[in-house]
Amino acid sequence: MHSAPSVFYPVGRSRLLGLLLLAVWLLGLATTLAFAFAPGAVWRVALVGVCAALAGQVATRWWLRSPAGELQFDGTQWIWQPQGSAPPLPLKQVAVHLDLQQALLLNCQQPGPPLWLWLDKGMAAPRWDDLRRAVYSPASAAV
């Protein structure tokens, strides 16, 4: 049986995730506009409008603060190397929570709170298949 290859994959702000967040927010905005033209109390329309504005702000801040660095797999262990001069962090486990074929949402268990990473193929297309093999490899659970 072959093990997954070692891989270094860059992590940064994902355009695909930004577009998905924008699409969901626009859907919420369209719902808000539908409320505005429906008969009903003005306070409900205002409340829905405030909620839509806050949701857009939270999504934008979250996307702008996306973790940046490099995810590394040496065949037995995952390592997160944050951008800048921070030391590398060994990860206990990397689990796929969403697989869209062109994008992955990973939950990385580390000392402290879990690290959520959104990776997409556009960040390093030649290494994408190696990354996918590594995250689905049984060796990815070993530390």
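Reference entry: report on the structure contained in this document.

Thresholds, definitions, all that
- Residue positions are given per chain, counting from 1 as you read along its sequence in written order.
- Residues qualify for local features only when their pLDDT is at least 70, as the model is predicted, and side-chain atom pairs are given and counted only at 80 or more; totals for whole chains, interfaces and linings, by contrast, use all residues.
- To obtain the side-chain values, all non-hydrogen atoms of the structure were included, while hydrogens and water were left out.
- Only when DSSP finds a minimum of two bridges between them are two strands counted as paired.
- Every helix listed is a DSSP run of H or I at least four residues long, and every strand listed is a run of E at least two residues long, numbered separately from the N terminus.
- Convention adopted: a line fitted to C-alpha atoms gives each axis, helices being fitted over their contacting stretch, and angles between N-to-C directions are expressed from 0 to 180 degrees.
- Here, residues are in contact when the closest pair of their heavy atoms is within 4.5 Å.
- For the exposure calls, accessible area comes from a 1.4 Å probe over protein chains only, and a residue counts as buried if that area is under 20% of its type's maximum, exposed if over 50%, partly exposed in between.
- Stacked, edge-to-face and tilted labels apply to pairs of Phe, Tyr and Trp rings (six-membered ring for Trp) whose centres lie within 6.5 Å, assigned for plane angles under 30 degrees, over 60, and everything in between, in that order.
- Either the NZ atom of lysine or the CZ atom of arginine qualifies as a charge over a ring when it sits within 6 Å of the ring centre and within 35 degrees of the ring normal.

### Structural notes on the sheet that holds strand E7 (residues 115-120)
Turning to step 1, where the next piece is worked out: Read across the sheet, three strands follow the order E5-E6-E7 without closing on themselves; strand pairing throughout is antiparallel. Unpaired on one side and paired on the other, strand E5 (93-99) and E7 mark the two borders of the sheet. Averaged over all pairs of adjacent strands, the angle between strand axes in this sheet comes to 25 degrees, irrespective of strand direction.
Turning to step 2, where the next piece is worked out: As paired strands, E5 and strand E6 (residues 103-109) are joined by six bridges and run antiparallel to one another. Among the inter-strand pairings, Ala-95 is bridged to a residue of E6, identified as Asn-107.
Turning to step 3, where the next piece is worked out: Along the sheet, helix H1 (residues 15-37) contacts E6 and E7; its crossing angle with E7, the most-contacted strand, is approximately 100 degrees.
Turning to step 4, where the next piece is worked out: Against the sheet, helix H3 (residues 128-136) touches E5, E6 and E7, its axis set at about 45 degrees to E6.

### A look at the environment of Leu-115
Turning to step 1, where the next piece is worked out: By the element assignment, Leu-115 lies in strand E7.
Turning to step 2, where the next piece is worked out: For Leu-115, a relative accessible area of 12% translates into the label buried.
Turning to step 3, where the next piece is worked out: Taking the C-alpha atoms as reference points, Leu-115 and Val-94, 21 residues apart in sequence, are found 9.4 Å from one another.
Turning to step 4, where the next piece is worked out: Excluding residues that lie within four positions of it along the chain, Leu-115 makes contacts with Pro-67, Trp-80, Leu-106, Asn-107, Cys-108 and Gln-110.

### Description of the packing of aromatic side chains
Turning to step 1, where the next piece is worked out: According to the stated counting rule, one finds two aromatic pairs in the structure shown.
Turning to step 2, where the next piece is worked out: Arranged with centres 4.6 Å apart and planes meeting at 35 degrees, the rings of Phe-73 and Trp-78 form a pair that is tilted.
Turning to step 3, where the next piece is worked out: You can call Trp-78 buried: its relative accessible area is 1%.
Turning to step 4, where the next piece is worked out: Across the ring face of Trp-63, the terminal group of Arg-13 is positioned such that the distance to the ring centre comes to 5.3 Å.

### As for the sheet that holds strand E1 (residues 7-11)
Turning to step 1, where the next piece is worked out: As summarised here, the arrangement of the four strands in space is E1-E2-E3-E4, forming an open sheet in which the pairing is antiparallel. Strands at the two margins of the open sheet, each flanked by one partner only, are E1 and strand E4 (89-91). The average undirected angle you get between the axes of adjacent strands in this sheet is 25 degrees.
Turning to step 2, where the next piece is worked out: As paired strands, strand E2 (residues 69-73) and strand E3 (residues 78-82) are joined by five bridges and run antiparallel to one another. Bridging from a neighbouring strand, Phe-73 pairs with Trp-78 of E3.
Turning to step 3, where the next piece is worked out: In this fold H3 packs onto E1, E2 and E3, with an angle of close to 105 degrees to the strand it touches most, E1.

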